[in-house]
Amino acid sequence: MILMLINALILIPVIWVGWRYIKRYIFRDPLENIPGPPSSSLLKGNIHKVFNANAWQFHKDLAAQYGSVVTIKALLGQTYLYIFDPKAMHHVVVKDQYIYEKMVEGSKLMFGEGLLGSLGDRHKRQRKMLNPVFSIVHMREMIPIFWAVSQKLHDTLASKVKNSAQEIDITHWMTRMALELIGQSGLGYSFDPLTAHGTPHPYSAAVKQLVPVVSAVRLVRESALPTLMKIGPPKFRRWIVDMIPSSKISKLKDIIDIMHNTSVEILESKRKALDDGDEAVTRQVARGKDIMSILIKANMEASEEDRLSDPEILAQMSTFIFAGMDTTSNALSQVQDKLRQEVSQALDGRRELMYDELETLRYLDAVCRETLRLYPPVSQVTRVARQDIILPLHNPIKGIDGKDMSEIYVPKDTHVIVSIIASNRNPDIWGQDAHEWKPERWLSPLPDSVKDAHIPGVYSNLMTFLGGSRACIGFKFSQLEMKVVLAMLLRSFKFAPSEKDIFWAMGGISTPSVVGGDPNIPSLPIIVSLV
């Protein structure tokens with residue numbers, strides 16, 4: 001019986017691959033008139049060049065040579081669309097977002113049926129419940145927590161460099177701090193004392209390994225996983241996964257177990273505090289002002305049709321931790337030094353700045369915007385057309401037949417890659433210096449080309465946090481984190497590159513590693529010294 005199930009799981013991708021191969025020769029490809037790089041392999045196409053740790057130059061060349069709408073050949077001739085045309089992106093992520101759906105099976109498996117793992121009415125209901133939780137009113141309550149956690153990291157770094165400059169793996173500390181930030185302000189839970197001899201929480205290591213492991217099983221996720229997720233109840237699916245003889249699948253399972261068990265532990269402690277009354281809530285980390293405490297209270301008061309189930313609440317917890325920790329820590333690691341004077345003048349001898357004061361720091365804001373423009377943590381997202389649809393274009397393209405095309409017929413099941421990085425670095429929108437890091441561009445009015453493009457992103461004419469109902473719900477939270485941490489550290493420390501060569505892997509989330517070291521272990525050594 002077990003052998004039959006294993007054979008069936010192996011057979012699913014084989015059948016899928018076979019059908020893709022046969023289909024290519026039976027039916028004409030409606031996308032064949034759209035330009036794109038020639039396929040380098042009948043078996044793999046050139047999609048592996050898009051989803052590749054060292055794909056930076058390929059993406060740059062793709063945009064420069066073929067423009068904002070491109071076809072990419074995938075397995076056995078399957079055609080993907082690669083877009084960063086503003087109007088096309090608007091239709092994919094906003095206007096027709098419920099036709100161009102996210103592939104949620106992987107997210108559902110890892111995080112449960114939360115915001116990242118749900119579609120349609122379920123996603124709308126969750127978003128409706130969560131939007132007020134991320135309001136500016138609640139974000140103001142988070143500022144003291146951000147300062148307190150940042151102070152812990154500040155004190156630890158100060159103890160390390162009190163006698164002389166030291167090489168410090170800043171990614172290690174940013175990862176730990178980001179987890180503690182989202183833990184305290186998001187969940188009302190402390191993961192890490194952030195001391196030099198403290199032990200990082202197992203969740204920290206698990207989340208850092210998640211992206212490399214998921215990338216390694218991409219073919220299984222895209223071919224077998226959608227079918228597997230429809231078979232039987234969760235316990236049966238878990239049993240099937242346990243039977244798969246793969247070390248990578250086993251590792252992924254262990255990571256997901258750590259994430260799930262941690263979320264269950266935190267939820268049970270919060271429920272107990274709420275049951276014990278207000279005094280017990282105030283004794284918790286964040287004193288009941290964290291995102292999950294606010295969400296649980298709001299959920300208890302919600303109508304039956306809007307209320308989230310326990311599995312949905314658990315799923316939100318895993319989603320918050322992963323999104324708040326992994327993307328923020330990687331963005332912070334790229335920011336350099338030019339803000340000390342502005343921050344010091346604003347602090348004027350004080351230890352903290354409040355929300356409104358942070359908003360007045362124009363250069364700090366410019367550095368954050370420019371870093372998120374040029375170095376978005378996530379370079380691209382993929383959607384799948386669930387029905388045949390017409391995709392309009394902002395800028396007409398010239399087909400292979402020489403004719404102009406102002407719209408594209410997109411067949412059902414077409415994968416559409418929305419290139420965040422190509423949109424954010426588009427010279428037609430941002431100017432010929434679009435590939436340069438220039439915070440000063442945000443200190444004067446942006447070019448008319450930026451306004452006229454109508455980029456559908458939720459943040460600052462950028463696609464970094466996406467747009468539509470699947471835009472990052474915590475983008476304001478992420479901005480505040482970055483500003484507080486930078487303001488705290490820059491007033492006391494100088495940062496300089498180490499002599500080690502660093503490789504930034506594109507991946508699902510951009511991560512640094514030391515050349516010659518383990519590419520699966522994020523690392524960014526930086527020379528840190530006191531001012």
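Scoring rules and cut-offs
- Residues numbered from 1 in each chain as written.
- Predicted model: local features only at pLDDT ≥ 70, side-chain atom pairs only at ≥ 80, totals over all residues.
- Heavy atoms only, no water.
- Axes fitted to C-alpha atoms, helices over the stretch in contact; angles between N-to-C directions.
- Helix = DSSP H or I, 4+ residues; strand = E, 2+ residues; numbered from the N terminus.
- Parallel < 35°, antiparallel > 145°, perpendicular 65-115°, else oblique.
- Left-handed = near helix turned anticlockwise from the far one by under 90°.
- Contact = heavy atoms within 4.5 Å.
- Buried < 20%, exposed > 50% of the residue type's maximum accessible area, 1.4 Å probe, protein only.
- Arc of directions from axis to C-beta.
- Phe/Tyr/Trp six-rings, centres within 6.5 Å; stacked < 30°, edge-to-face > 60°.
- Lys NZ or Arg CZ within 6 Å of the ring centre and 35° of its normal.
- Polar contact = N/O pair within 3.5 Å; in protein donor to acceptor, adjacent residues only side chain to side chain.

## With respect to the packing of helix α13 (residues 247-276) against helix α15 (residues 291-301)
Here is step 1 of the chain: At a minimum axis distance of 11 Å, the contact between α13 and α15 shows a crossing angle of 60°. Taken together, the axes of α13 and α15 lie oblique to each other. Every pair of crossing elements has a handedness; the one defined by α13 and α15 is right-handed. Contacts between α13 and α15 pair Leu-267, Lys-270, Arg-271 and Leu-274 from the former with Met-292, Ser-293, Ile-296, Lys-297 and Met-300 from the latter.

## Let's talk about the side chain of Ser-318
Here is step 1 of the chain: Structurally, Ser-318 is set in helix α16 (residues 310-332).
Here is step 2 of the chain: Given the relative accessible area of 4%, Ser-318 is considered buried.
Here is step 3 of the chain: In this structure, Ser-318 is in contact with Phe-111, Tyr-203, Met-259 and Ser-263, ignoring residues within four places of it in sequence.

## Points about the environment of His-394
Here is step 1 of the chain: If you trace the backbone, His-394 turns up in strand β6 (residues 389-398).
Here is step 2 of the chain: In this structure the C-alpha to C-alpha distance between His-394 and Asp-85, which are 309 residues apart in sequence, comes to 6.2 Å.
Here is step 3 of the chain: Once you skip the residues sitting within four places of it in the chain, His-394 turns out to touch Asp-85, Pro-86, Lys-87, Asp-452 and Ala-453.

## A few points about helix α17 (residues 340-347)
Here is step 1 of the chain: For α17, every residue scored as buried is listed here: Arg-340, Val-343 and Leu-347. Looking straight down α17, one finds that the buried residues subtend no more than 75° of arc, so they occupy a single side. Exposed positions of α17 whose direction lies more than 90 degrees from the buried face are Gln-341 and Gln-345.
Here is step 2 of the chain: Looking at the packing, one finds that the buried side of α17 touches α23 (475-490) and β9 (493-497).
Here is step 3 of the chain: Phi for Asp-348, located one or two positions after α17, is positive at around 50°.

## Considering the packing of aromatic side chains
Each aromatic ring pair is summarised here by two numbers: the centre-to-centre distance and the angle between the ring planes.
Here is step 1 of the chain: All told, the structure shown has nine aromatic pairs when counted by the stated rule.
Here is step 2 of the chain: With 5.6 Å between their ring centres and 75° between their planes, Phe-134 and Phe-320 make a pair best called edge-to-face. With Phe-134 in the loop between α6 (120-130) and α7 (136-160) and Phe-320 in helix α16, this pair connects stretches of sequence that are 186 residues apart.
Here is step 3 of the chain: Classification of Phe-134 by relative accessible area gives buried; the value is 9%.
Here is step 4 of the chain: Here the aromatic residues Tyr-189, Phe-191 and Tyr-203 are joined through ring pairs into a cluster of three or more.
Here is step 5 of the chain: We note Lys-124 situated over the ring of Tyr-98; from NZ or CZ to the ring centre the distance is 4.6 Å.

## Overview of the side chain of Glu-101
Here is step 1 of the chain: Relative to the helices and strands, Glu-101 is located in strand β3 (residues 100-102).
Here is step 2 of the chain: Exposure remark for Glu-101: the relative accessible area of 18% places this residue in the buried category.
Here is step 3 of the chain: At 3.3 Å, the side chain of Glu-101 and the side chain of Arg-386 are in polar contact.
Here is step 4 of the chain: With near-sequence residues (within four places) excluded, Glu-101 lies in contact with Leu-119, Arg-383, Val-384 and Arg-386.

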